[in-house]
Amino acid sequence: IALEEGLIVPAIANCESKTLAEIARASTDLGKRAQEGRLHESEYSGGTFSISNLGTLDVDSFFAIILPPQSAVLAVGSVKKRPIIDDNDQIVVRQMMNANLSADHRISDGAEGARFLQALKALLENPVSLVM
């Protein structure tokens, strides 16, 4: 979360057991309370993975730096219409987004990161699976 004082990275605990709607609510709550200066110190610890979104600032692609104690960070760019070649070799316009993963190789390797990005791509291409 970007504040006038600088960047902070609070954590949403136990994301693996939360629904997408619960994570969205927790994220909104953290953002609001961060802007108001009402976060607890415990909300800055225990995080393992973060997401940095500069797409809201019309940035197409960037590489985020891992901030301790995180082990990885996903950098998400803006969604824009782009021409692509489909499976039938036709040029079509699609909504596209760049995502880059930075990972601490003491904890994870490139192959694991690639599998994560493949899974993320599949989920984003079939968003209904996120709410089922």
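Thresholds applied
- Residues numbered from 1 in each chain as written.
- Predicted model: local features only at pLDDT ≥ 70, side-chain atom pairs only at ≥ 80, totals over all residues.
- Heavy atoms only, no water.
- 1 Å grid on protein atoms, 1.4 Å probe; cavity = no way out; pocket = protein on both sides within 12 Å on 5 of 7 lines; lining within 4 Å.
- Points joined across faces, edges and corners; volume = space filled by probe spheres on them.
- Helix = DSSP H or I, 4+ residues; strand = E, 2+ residues; numbered from the N terminus.
- Nonpolar A, V, L, I, M, F, W, Y, C, P; charged D, E, K, R; others polar.
- Expected span 1.5 Å × (residues − 1).
- Polar contact = N/O pair within 3.5 Å; in protein donor to acceptor, adjacent residues only side chain to side chain.
- Buried < 20%, exposed > 50% of the residue type's maximum accessible area, 1.4 Å probe, protein only.
- Contact = heavy atoms within 4.5 Å.
- Pairing = 2+ DSSP bridges.

Trainee: Would you take a moment to explain the layout of surface pockets for this structure?
Mentor: Over the atoms rolls a probe the size of a water molecule, and in doing so it shows where empty space is left. Here the largest pocket defines a volume of roughly 1,800 Å³. Ile12, Ile23, Phe49, Ser50 and Ile51 are the residues nearest the centre of the largest pocket, which is lined by 48 residues in total. Among the elements that take part in the lining of the largest pocket, helix H1 (residues 20-35) stands out by supplying six residues, more than any other. Here the second largest pocket is characterised by a volume of approximately 370 Å³. Lining the second largest pocket are Val79, Arg82, Gln95, Met96, Met97, Asn98, Ala99, Leu117, Leu120, Lys121, Leu124 and Glu125. When contributions to the lining of the second largest pocket are tallied by element, the ones reaching two or more residues are strand S4 (72-85), strand S5 (91-103) and helix H2 (110-125). For the lining of the second largest pocket, the residue count by class is seven nonpolar, two polar and three charged.

Trainee: Before we go on, may I ask you to explain H2 in this structure?
Mentor: Count 3.6 residues to each turn of an α-helix, and residues three or four apart come out pointing the same way. Here H2 is 16 residues long and its end C-alpha atoms lie 22 Å apart, about the 22 Å a rise of 1.5 Å per residue gives. Its side-chain oxygen 3.1 Å from the backbone nitrogen of alanine 111, aspartate 109 forms the N-cap of H2.

Trainee: How do you make sense of H1 when you look at a structure like this?
Mentor: With 16 residues, H1 should cover 22 Å at 1.5 Å per step; its first-to-last C-alpha distance of 23 Å lies within 8% of that length. What H1 keeps buried is the set Leu30, Gly31, Arg33 and Ala34. On its buried face, H1 sits against strand S1 (2-3). Count one or two residues on from H1 and you reach glycine 37, which has phi positive near 70 degrees.

Trainee: I keep staring at the pairing of S4 and nothing clicks. Help me out?
Mentor: Here strand S3 (residues 49-53) pairs with S4 via five bridges, running parallel. Residue pairing for S4: isoleucine 51 is matched across the bridge by leucine 74. Looking at chain direction, S4 and S5 are connected through 12 bridges and run antiparallel. Pairing of valine 73 across the sheet is with serine 102, part of S5. What sits between S4 and S5 in their antiparallel hairpin is a turn of five residues, with aspartate 89 showing a positive phi close to 60 degrees.

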